[in-house]
Amino acid sequence: MQKSKTNTSKIDLKFIKPYIGWSVVLTILIFLSNGANLLIPRILGNSIDNISQNSSIYKLAPDIWLLSVISIFVLLVSLVQTIIGVYVAENVARDFRDDLIEKILSQPISFINEQDYSELFTNITSDVEQVKDIISQGFASIFSALIILIGSVILLFSINVRLALIAIISLPIIIAVFTFIFKNISKLFRSSQEILSKINKVINESVLGAMLIRVLNAQNYENIKFDKINQQGREVGFKIINLFSSLIPAINLVSNFAIVTIIWFGGRQVMVSDLTLGEFSAFISYFNLLITPIFILGFVSNFISRGFVSLNRIQQVLNAPEQIKSDSKNLINQSVKGKITFDKVSYEVKGKTLLKEVSFEIHSQTKNAIIGPTGSGKSLILSLITGLIQPSSGQILIDDIPLKKWNQDYIFKTMGLVFQESILFNTTLRENILFNTKVEEVEYQKALITSNVYEIVNSLPEGTNTKISERGSNLSGGQKQRIMLARALVRNPKILLLDDFTARVDIKTEKEIISSLANNYPGLTLISITQKIEPIQDYDQIILIMEGELLATGTHSQLFKSSIEYAQIWQSQQTT
Amino acid sequence: MLKFGKVNKPLNMKSAYNISQPNNEKQSFEQSIATIIPLFAGESKNLIIIVITVLINIGTGVLTPYVITRAIDGPITNKDIQSLAFISVGLIVLFIISAIAAYGQARIMGYVSQRVLFRLRAKVFASLQDLPIDFFNRNKAGDLISRINNDTNKINQFLSEGGLRFTSLFFSLIGIAGMMLYLNWQLASIVFLLTATILIITRITTPFIEKINKIGLENQGSLSSEVQEGLLNFNAIVAFQIQDYYKSSFNKISEDVYKTKIQTNILNDNIAPLYTFVANLSQIILLAVGFNFILSGTITIGLLIGFLAYAQKFFEPLRILGSIVGNLQGALAAWTRVQEIISLESNLKVEEDKSGVRKLKTKHILEFENVSFGYDEKLVINNMSFVLEKGKTYALVGPTGGGKSTTASLMARLYDPQQGIIKLYNKDIRTYTETDRTKVTGFILQEPFLFTGTIADNIKYGNPDLEIKTNKELINILKENNLLNLIASFENGITTNIENNGISIGQKQIISFIRVILRQPELLILDEATANIDTVTEQHLQDIINQLPATTTKVIIAHRLNTIKKADKIFFISQGILTPAEDFQHAINLIKTKDGES
């Protein structure tokens, strides 16, 4: 999957769509709570004017009641507003998380191989949080601030138009300061997020490679590596501060100059009786009210900017082109017999040919082995058979029908694949084998018995319900492989693909498993990548692969006679 | 003869390394602050400057209304343009000073907090490096990553944004409180009473909010782990078509995060409206009481107006403080999680050599003396004793899960046994420094690990002698050691870049081999190192190992008969018990019968 390269700076707000209703309600509530709050100084002012003019006869009680009612109203509305705001924000966050995972899961394997997966990790974790922060804190704060701002400006104009115009000149200047600073800051925020990704990667490898680091005593190397990237983060942080620290003081200075202007011009207006003293005081009070919202706007824009950068990164992933799903109506779902044909299959990655025109035929219900030196491309063949990767040229046929015409999901279900690396999940043993597939108990037992997993079950404290730690670190290599075999077998596959399965399993267990396979899964087509020739001597076909090319195929005795390389391998395994 | 070894640790000790389990020890607020302070070491000069700038700002903040009132009462009323001009200029000067102070304050505080974040991250990462492998096996990678990155970030956000405003607002409050007391202490006490009420409410709810914040962060950590696992195991997810399974597992955690976050945020975000309410309440009460005071002649209307204005200025900072306190609690919760890593110590310390035994280049390079070990309560190694002679090749065989790899890990001091002693060259292995010990012992892991970078980077990794070599020099070294042709299968030789899943396990193992061989270890441990390598290459690697000095002791864990056959001595390990095999045939018999099991 390619990340969408277009629209790197455009923001798509359609994620708000499901919550438009709530957002409107939220907006109204913000308007109400802030508007009502703005009334309070007005009412207080009126009370004071009344008291100062006729204190002895003025009845204060109605004012007190009114003020109390408004205060309680503001409190209740604010509480509801907060709750709604939080719900909307968390829903958006959850949507993003789930959408990202869904998008990633719908991708083929090549996706992860091309992606920097710690980038994805950062996307799902911290980028989502940043975006959520815009909504929960940013949105409400900015909107409140805007209401107070607009309300105060209206009030200013209602007192004296001329003075208001002079005072308002400060606003465009402030906007100019903002824009200038933020244009430069977004670039820095972007690199800040990227560095965060890199930091994640170093930490990641340091944790995953913990054992290696300790046997090599390389902790210091790791510290140096981390130090480098940590310093980069600090440098970007400094640059952001250089810009940012000037923001609030600059805005304050501008508005303070505006106040001096008001005092000068307004004062002169009072002197020529164009303005009353009371109006002059009120004007200054309301102009002061403008300051806090401006602060808030500045303060909050900080992480709104960061949030938009994160939003952009998330949307690049979500908007990546869809994987072309093959036309499902023509797809085959019939029972697989197990014949596999490779017809001049080549596989290229980044210009390098890893498999070159490999052709062979595997007949159903036969036992086949693939043998060859390390790195010759054997594992790729298995991945190609299952369709996890696509050949660059040539054709793969299952039961004489091209693999492309088969329903991909169905093929996965018919094939059992045991990888070389142990891939275990942080859940119980039973779940690691079954996941959430519904399987008959009989099938489950059969799989456990055939792969010799029962012995493991008995050694664990809670049997099949024992939780296996992440990456299976409380199990040995051979045990993990057997669990993975059980996992493959439980699906009752027609074709079983083993990638160097017996490498980590001792000889006795290996012999047991292979004979169990023959007994319990008789109709199975077996393809096994292996290093050892002795156990596979009686296989129906042995395929010899070297440097991406197929050198020879045949039975053991045929190959021994016809292929020098095969003979050499056989020789190297002889116990004299 | 049985010797009872020293008991090093109680056998049923629950590991302190499992930090994802709930912790009984809670850190108090004061303790948290005490541990944060060292991060600010060296910043005292800067902090003083910050305090000065803060005071300047507060001064101008308190002075400005006063000057404006003077302008209204004086020049404007008296129509004195000159004095007005004078005051205006005075104000401009005041404002410029204030702006400079504010800029300096923000910049310095910003720099300070970046440096603190830097130090914090470095400290946590370094603490991680100090911890033994036991720690990593007990905790999820995603959770650790979350703590080092996200949690430190939360702390930093608070320090850089919240922290600064907290201090300046705090001093503002002091100034205004003073003014109010000066004007009328009775009215002031109303304000203080209301303040006290809301502070008490906050303090009561704090532990509850803290707890929820902590759970929230834990869920975030779980989410990280889940994502980590999914991305790492993507191959399996696709191959087994368990996308739905993974998705439902993920959605569950996503839902948990959602639920806790809603709770935490509703609590945190509702603090501010509460403060607004109290502020409004104070205005109402002051108005009512003040009115009565006016009627009884205790105060003037002018004083009431002034008092209301100052009270308004009092609750403004208090209101903002309210929201910052919310962040503080979140930051403290994050700090606790980070502390959990920093406060852990390695349980594999280098011990003082009190025995007085000289390190002898004896015949025995390694000795196990009544060693018992278990990862948890169950013993995996049971009273194991044996001796490794220098220069010999040993093979460890036995059923999977029987204790071979664990024995190897103990040999390399990745763990300490609960009972018994392990001696390297006749000295307790625990008395060796890490550098000395890893110089002697080379270990090829069962599952090879390579870092992002080139093959050359990986070969050089952790080797101080190779660190500074150029690629050309490295190629020569490889040639001299007969290792160069192993790189042939890589397209760009040693400059090939390692990428996700770009190379096979066998190829990774080859690089691991090269890495270790170049270190010339005296004790070489291979944990199923050639399992995934084809037998021809394996033979080649065997030849290379055989080229190591004859004094090199080799310990090989393997399943292939061919590999075992060439060993000088074979140890059969099963269920944690070691049985030396008399000869090759005996070993085969032991393997076949698997300790008498059917």
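Above this text you will find the structure in question.
Here we summarise the structure given alongside this text.

What counts, and where the lines are drawn
Note that residues are indexed from 1 along each chain, following the sequence as it is written. Throughout, the order in which chains and ligands are written sets their labels, letters from A for the former and numbers from 1 for the latter. Confidence filtering applies because this is a predicted model: local features only for residues at pLDDT of at least 70, side-chain atom pairs given and counted only at 80 or more, and all residues used for totals across whole chains, interfaces and linings. Hydrogen atoms and water are omitted, and side-chain values are computed over all heavy atoms in the structure. Strands here mean DSSP runs of E at least two residues long; helices mean DSSP runs of H or I at least four residues long; both are numbered from the N terminus. Radius of gyration: C-alpha atoms only; globule rule: 2.2 Å multiplied by the number of residues to the exponent 0.38. Whether a residue is buried, partly exposed or exposed follows from its accessible area with a 1.4 Å probe, protein chains only, as a fraction of its type maximum: under 20%, in between, or over 50%, in that order. We call two residues contacting when some pair of their heavy atoms lies within 4.5 Å. Note that His is not counted, nor are the chain ends; the positive residues are Lys and Arg, and the negative ones are Asp and Glu. The atom standing in for a charge is NZ when the residue is Lys, CZ when it is Arg, CG when it is Asp and CD when it is Glu. Using the Shrake-Rupley algorithm and a 1.4 Å probe, accessible areas are obtained, with residue cover drawn only from the displayed protein chains. Here, any two strands with at least 2 DSSP bridges between them count as paired. Where helices are involved, their axes are fitted lines through C-alpha atoms of the stretch in contact, as for all axes, and angles between N-to-C directions lie from 0 to 180°. The buried area of a pairing is the accessible area, by a 1.4 Å probe, that goes missing from both parts when the two are put together, added over both. A side-chain nitrogen of Lys or Arg and a carboxyl oxygen of Asp or Glu constitute a salt bridge if their distance falls within 4 Å. Polar contact criterion, stated in full: a pair of N or O atoms within 3.5 Å, where within protein one must be able to donate a hydrogen and the other to accept it, and residues adjacent in sequence count only if both atoms are side-chain atoms. Think of it as three bins: nonpolar holds Ala, Val, Leu, Ile, Met, Phe, Trp, Tyr, Cys and Pro, charged holds Asp, Glu, Lys and Arg, and polar takes everything else, Gly as well. Here, expected helix span is obtained from the residue count minus one, scaled by 1.5 Å. The method works on a 1 Å grid over the protein atoms by themselves. A cavity is a set of points holding a 1.4 Å probe that cannot get out, a pocket is an open set with protein on both sides within 12 Å along at least five of seven lines, and residues with an atom within 4 Å of a point line them. Grid points are joined across faces, edges and corners, and a volume is the space filled by probe spheres set on the points. Residues grouped as a nonpolar core are buried Ala, Val, Leu, Ile, Met, Phe, Trp, Tyr and Cys residues, joined through side-chain atoms within 4.5 Å. Stacked, edge-to-face and tilted are the three classes for Phe, Tyr and Trp ring pairs, Trp counted by its six-membered ring, which pair at centre distances within 6.5 Å; planes under 30 degrees apart are stacked, over 60 edge-to-face, the rest tilted. What makes a patch is a set of residues exposed beyond 30% relative accessible area and free of salt bridges, joined within 9 Å when like-charged and within 5 Å when nonpolar (Val, Leu, Ile, Met, Phe, Trp, Tyr).

## Quick word on the overall build of chain A
For step 1, the next point in the chain: When its secondary structure is counted, chain A shows 19 helices and 10 strands.
For step 2, the next point in the chain: Computed over the C-alpha atoms, the radius of gyration of chain A is 36 Å, more than 25% above the 25 Å expected from 2.2 N^0.38 for a compact globule of 576 residues.
For step 3, the next point in the chain: For the C-alpha atoms alone, the extent of chain A along its principal axes is close to 120 × 55 × 45 Å.
For step 4, the next point in the chain: The 576 residues of chain A split such that 57% are buried.
For step 5, the next point in the chain: At a minimum sequence separation of 6, the contacts of chain A that also span at least 24 residues come to 78%.
For step 6, the next point in the chain: Seen as two clouds, the 53 positive and the 49 negative side-chain charges of chain A have centres 4 Å apart.

## Notes on the overall build of chain B
For step 1, the next point in the chain: Assigned secondary structure in chain B consists of 18 helices and 12 strands.
For step 2, the next point in the chain: A buried classification covers 55% of the 598 residues belonging to chain B.
For step 3, the next point in the chain: Pairs at least 24 residues apart make up 79% of the contacts formed inside chain B by residues separated by at least 6 positions.
For step 4, the next point in the chain: Surface exposure of chain B reaches about 25,800 Å², of which carbon and sulfur atoms provide 58%.

## Some words on the sheet that holds strand 6 (residues 441–444) of chain B
Residues and elements named next belong to chain B.
For step 1, the next point in the chain: Reading across the sheet, the six strands line up as 6-9-10-3-11-12 and stay open at both edges, with mixed pairing between neighbours. The open sheet has two free edges, formed respectively by strand 6 and strand 12 (577–580), since each of these has just one partner strand. Put simply, the sheet's adjacent strands are angled 20° from each other on average, direction ignored.
For step 2, the next point in the chain: Direction of pairing for strand 11 (residues 569–574) relative to strand 12: antiparallel, over a ladder of four bridges. By the bridge assignment for strand 12, Phe571 is matched with Pro580.
For step 3, the next point in the chain: Helix 15 (residues 505–517) rests against strand 6 and strand 9 (523–527) of the sheet, and its axis sits at about 175° to strand 6.

## What to know about the interface of chain B and chain A
For step 1, the next point in the chain: Taken together, the contacts link 148 residues of chain B with 159 residues of chain A.
For step 2, the next point in the chain: Here chain B and chain A share an interface that buries about 15,000 Å² over both sides, 65% of which is from carbon and sulfur atoms.
For step 3, the next point in the chain: We note a salt bridge from B:Lys261 to A:Glu129, for which the minimum N-O separation is 2.7 Å.
For step 4, the next point in the chain: Inspection of the region where chain B meets chain A yields 25 residue pairs in polar contact (both at pLDDT 80 or more).
For step 5, the next point in the chain: Among the elements that line the side of chain B that touches chain A, the one with the most residues is helix 3 (residues 81–130) of chain B, at 24 residues.
For step 6, the next point in the chain: For the side of chain B that touches chain A, the residue count by class is 74 nonpolar, 44 polar and 30 charged.

## Some thoughts on the pairing of strand 11 of chain B
Residue and element names in this part refer to chain B.
For step 1, the next point in the chain: Judged by how many residues are buried, strand 11 sits mostly within the fold: five of six residues are covered.
For step 2, the next point in the chain: Pairing analysis gives four bridges linking strand 3 (residues 393–397) to strand 11, with the strands arranged parallel. Bridge pairing in strand 11 links Tyr394 to Lys569.
For step 3, the next point in the chain: Here strand 11 folds back onto strand 12, and the loop between the two strands holds two residues, one of which, Gln575, carries a positive phi near 50°.

## So, helix 6 (residues 185–232) of chain B
For step 1, the next point in the chain: For helix 6 of chain B, which comprises 48 residues, the first-to-last C-alpha distance of 66 Å matches the rise-based estimate of 70 Å (1.5 Å per residue) to within 8%.
For step 2, the next point in the chain: Where helix 6 of chain B begins, the side chain of B:Asn184 points an oxygen toward the backbone nitrogen of B:Gln186, at a separation of 3.0 Å.

## Some remarks on empty space enclosed by the protein
For step 1, the next point in the chain: Applying the stated criterion across every chain yields a total of 14 cavities of 30 Å³ or more.
For step 2, the next point in the chain: Approximately 80 Å³ is the volume attributed to the largest cavity.
For step 3, the next point in the chain: Lining the largest cavity we find A:Ala503, A:Lys532, B:Glu528, B:Thr530, B:Ala531, B:Ile557, B:Ala558, B:His559, B:Arg560 and B:Thr563.
For step 4, the next point in the chain: For the lining of the largest cavity, a count of residues per class yields four nonpolar, three polar and three charged.

## Here's the deal with the sheet that holds strand 3 (residues 367–371) of chain A
Backbone-to-backbone hydrogen bonds join strands into a sheet, with any given pair of strands oriented parallel or antiparallel.
Residues and elements named next belong to chain A.
For step 1, the next point in the chain: If you trace the six strands from one edge of the open sheet to the other, you get 6-7-8-3-9-10, paired in mixed fashion. Edge strands, defined here as strands with exactly one partner in the open sheet, are strand 6 (415–418) and strand 10 (549–554). The mean angle between the axes of side-by-side strands here comes to 15°, regardless of whether they run parallel or antiparallel.
For step 2, the next point in the chain: Bridge count between strand 9 (residues 541–546) and strand 10: five bridges; the pairing is antiparallel. Opposite Met546, over in strand 10, you have Glu549 as the bridge partner.
For step 3, the next point in the chain: Strands in contact with helix 16 (residues 477–489) are strand 6 and strand 7 (495–499); relative to strand 6, the strand with the most contacts, it is inclined by about 170°.

## Quick notes on the side chain of A:Arg487
For step 1, the next point in the chain: Mapped onto the elements of the fold, A:Arg487 is located in helix 16.
For step 2, the next point in the chain: When near neighbours in sequence (up to four residues on either side) are disregarded, A:Arg487 contacts A:Ile423, A:Leu424, A:Phe425, A:Asn432, A:Ile433, A:Phe435, B:Ala236 and B:Phe240.

## Some points on the nonpolar core
For step 1, the next point in the chain: Core analysis: the largest hydrophobic core is formed by 300 residues, its most contacted members being A:Phe342 and B:Leu388.
For step 2, the next point in the chain: At 20 residues, the largest contribution of residues to this core is made by helix 10 (residues 301–342) of chain B.
For step 3, the next point in the chain: Sequence-distant contacts of B:Leu388, defined by excluding residues within four places in its chain, comprise B:Lys363, B:His364, B:Ile365, B:Leu366, B:Tyr394, B:Met411, B:Leu523, B:Val555 and B:Phe571.
For step 4, the next point in the chain: Counting residues in hydrophobic clusters, the runner-up holds 33 residues, among them B:Ile514, B:Val516, B:Ala529 and B:Ile544.

## A few points about the packing of aromatic side chains
The relative placement of two aromatic rings is captured by the distance of their centres and the angle of their planes.
All names here are of chain B.
For step 1, the next point in the chain: One pass over the structure, following the stated rule, counts 15 aromatic pairs over all chains.
For step 2, the next point in the chain: With a centroid separation of 5.3 Å and an interplanar angle of 85°, the aromatic rings of Phe135 and Phe136 are classed as edge-to-face. You'll find Phe135 and Phe136 in the same group, each marked buried.
For step 3, the next point in the chain: Between Tyr246 and Phe250 the ring centres are 6.5 Å apart and the planes differ by 25°, which places this aromatic pair in the stacked class. Of this pair, Tyr246 and Phe250 both sit in helix 8 (residues 243–269), four residues apart, roughly one helical turn. Grouping residues by exposure puts Tyr246 and Phe250 together as buried.

## Overview of a nonpolar patch on the surface
Residue and element names in this part refer to chain A.
For step 1, the next point in the chain: There is a patch of nonpolar side chains on the surface, built from Ile20, Val24, Ile28, Phe31, Leu32 and Phe73 and spanning about 540 Å² of accessible area.
For step 2, the next point in the chain: Of all the elements, helix 1 (residues 20–54) adds the most residues to the nonpolar patch, at five residues.
For step 3, the next point in the chain: Topologically, Phe73 is positioned in helix 2 (residues 61–105).

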